[in-house]
Amino acid sequence: MSDLIKEIEKRKTFGIISHPDAGKTTLTEKLLLFGGAIQEAGAVKSNKIKKGATSDFMEIERQRGISVATSVLAFEYRDHKINILDTPGHKDFAEDTYRTLTAVDSVIVVIDVAKGVEEQTEKLVQVCRMRNIPMLVFINKLDREGKDAFDLLDEVEQKLGLTVCPLSLPIGMGADFQGIYNIWEDNIQLFLEEKKQKVGEAIKFDDINDPSIDEVIGEKAAKNLREELDLVQSVYPEFNREDYMKGDLQPVFFGSALNNFGVRELLNAFIDIAPMPQPKESDTRLVKPEETTFTGFVFKIHANMDPKHRDRLAFVKIVSGVFKRNENYLLVREGKKMKFSSPNAFFADKKEVVDESFPGDIVGLHDTGSFRIGDTLTGGEKLSFKGVPSFSPEHFRYINNNDPLKAKQLAKGIDQLMDEGVAQLFTLEMNNRKIIGNCWCASI
Ligand SMILES: Nc1nc2c(ncn2[C@@H]2O[C@H](COP(=O)(O)OP(=O)(O)OP(=O)(O)O)[C@@H](O)[C@H]2O)c(=O)[nH]1
Ligand SMILES: [Mg+2]
């Protein structure tokens, strides 16, 4: 097997999506913890300025406790390289999330057990369904009182239009939450209050009728669990990887990201089933990851990511071949050759210059204004990847400058928003007044 194919088979690139506050960033951190990529999770929101979540890089995110831009984080687990794209849930930043969905091979949808299916989740899942992106569902915050598990599964089916297949089941909830029965691996993971933040070994049972289950979780809970598992078997389809890959079946897991609970089960199943980098359609042909010549596309541009460096960073998803440092590549739209002396790879807690990146990976390229969102880079072939959405604006606002001394700053700020694809700028012909437009009623 060639080295390229080995690298491709090792990789899994996925996005985490949901309505704000369901726990995406928390889950991202816990996944990184399991991968050994970070030692300690930043307490999201609890300590707003001093210490933020690992994936919430920007000062504003740390201050507000919300994610405003997609973060890319990579870690290794069970011989795989996993690239996570933690997206913002807030609708003001939805364009960033939609574009991110063009760069992932699968997604994890997070749902708050108490709130159920919320509006932004519906919109995002609809896009994933249209593109047949394989989805896993993680029902989070089981340590809180929430909706009944089966009611939630119904809600997920009806509101999100998914066909669910539970691969774990909660035992109790909120104050009575005892743990999780892992249908995928046939074991019980107990939730021990005093062991919060620590992950115990799962208790393995031969089968669900094992009498020791009664001893561990109590007779009543054991009886209930057996009935529920019966119900799962009779009502829901059995897991089938092919259907999952086609976007026709969505496995569901339960847990509590904040308490590290159910996260390892989710991660193990994810490694077992999630797709490796997939082929991508271009205007001329389907491009396969194992092709030896590099191709990739820009799905996001981030200005001022690092306050110390004023430049912009273009996020490029590698579709095929090996991306190499200092090699000449073609920016197809401009017909211009470019090379990059310091492409960045993203890890849990740092960016690092890398010599080579492979399909599935995301590299950050320093850019002084050449790139636009949706641009394709290739080894020379003239092709353009399709599907990175640019939006037609629905909301418009005049821009008035109340402080003429700050005209320069205003112009710079507007430029930055345009570069990042957050909004579009129009100038009225009759009076030269500037209008800014975007798709969502963003507070800009
Ligand atoms: N009780 C409880 N709280 C949780 C759990 N997971 C996350 N939270 C809390 O929920 C809040 C939101 O979590 P985040 O991870 O920032 O949510 P998010 O989905 O990334 O939010 P946005 O990025 O703004 O869309 C934080 O206060 C977390 O501590 C959980 O399992 N149980
Ligand atoms: Mg977040």
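Located above this text is the structure these notes cover.
All of these numbers come straight from a predicted model, not from anything done at the bench. (Residues numbered from 1 in each chain as written. Chains lettered and ligands numbered in written order. Predicted model: local features only at pLDDT ≥ 70, side-chain atom pairs only at ≥ 80, totals over all residues. Heavy atoms only, no water.)

**Observations regarding the overall build of the chain**
Looking only at helices and strands, the chain features eleven helices and 26 strands. Burial statistics for the chain: of 444 residues in total, 53% are counted as buried. Taking as baseline every contact in the chain between residues at least 6 positions apart, the subset at least 24 positions apart corresponds to 69%. A total accessible area of about 20,400 Å² is found for the chain, and carbon and sulfur atoms account for 47% of it. (Helix = DSSP H or I, 4+ residues; strand = E, 2+ residues; numbered from the N terminus. Buried < 20%, exposed > 50% of the residue type's maximum accessible area, 1.4 Å probe, protein only. Contact = heavy atoms within 4.5 Å. Areas by Shrake-Rupley, 256 points an atom, 1.4 Å probe, with all protein chains shown as cover.)

**Quick look at the nonpolar core**
Membership of the largest hydrophobic core comes to 61 residues, with the highest contact counts inside it found for Leu101, Val107, Ile111, Ile139 and Phe254. If one sorts the elements of this core by residue count, helix α6 (residues 149-160) sits on top with six residues. Of the domains in this structure, domain 1 (3-273) and domain 2 (280-378) are the two that each give at least three residues to this core. Membership of the second largest hydrophobic core comes to 32 residues, among which are Leu31, Leu32, Phe34 and Leu136. (Core = buried A, V, L, I, M, F, W, Y, C linked by side-chain atoms within 4.5 Å. Domains from an automatic or database assignment.)

**Notes on the site of ligand 1**
Taken together, 20 residues sit near ligand 1, with Lys24, Thr26, Ser67, Asp143 and Ser256 positioned nearest. One nitrogen or oxygen atom from the side chain of threonine 26 is found 2.5 Å from an oxygen atom belonging to ligand 1. With respect to ligand 1, the side chain of aspartate 143 contributes an N or O atom lying 2.8 Å from a nitrogen atom. Considered on its own, ligand 1 offers 660 Å² of accessible surface; in the complex 92% of this is hidden by protein. By residue number, the principal contributor to the shell around ligand 1 is helix α2 (residues 24-34), which donates three residues. Within the shell around ligand 1, the residues separate by chemical class into six nonpolar, eight polar and six charged. (Near = heavy atom within 4 Å. Polar contact = N/O pair within 3.5 Å; in protein donor to acceptor, adjacent residues only side chain to side chain. Nonpolar A, V, L, I, M, F, W, Y, C, P; charged D, E, K, R; others polar.)

**Re the side chain of threonine 13**
Along the chain, threonine 13 falls in strand β1 (residues 11-17). Residue threonine 13 is classed as buried on the basis of its relative accessible area of 0%. The residues contacting threonine 13, other than those within four sequence positions of it, are Asn83, Leu85, Ala103, Val104, Asp105, Ser106, Gly360, Asp361 and Ile362.

**Topic: the sheet that holds strand β3 (residues 80-86)**
Pairing is mixed across the open sheet formed by seven strands, whose spatial order is β2-β3-β1-β4-β5-β11-β6. The open sheet has two edge strands with one neighbour each: β2 (71-77) and β6 (164-166). Adjacent strand axes in the sheet meet at a mean angle of 25 degrees when their direction is disregarded. Relative to strand β11 (residues 250-254), strand β5 (residues 135-140) is paired through three bridges, and the arrangement is parallel. (Pairing = 2+ DSSP bridges. Axes fitted to C-alpha atoms, helices over the stretch in contact; angles between N-to-C directions.)

**Notes on helix α5 (residues 119-130)**
When the terminal C-alpha atoms of α5 are compared, their 17 Å separation across twelve residues agrees well with the 16 Å that a helix rising 1.5 Å per residue should span. Turning to α5, its buried residues are Gln120, Thr121, Leu124, Val125, Val127 and Cys128. Considered in projection along α5, the buried side chains sweep an arc of 155 degrees and stay on one side of the axis. Elements in contact with the buried residues of α5: β1, α4 (94-100), β4 (106-112), β5 and α6. (Expected span 1.5 Å × (residues − 1). Arc of directions from axis to C-beta.)

Remember, this is a structural readout, not a statement about activity or role.
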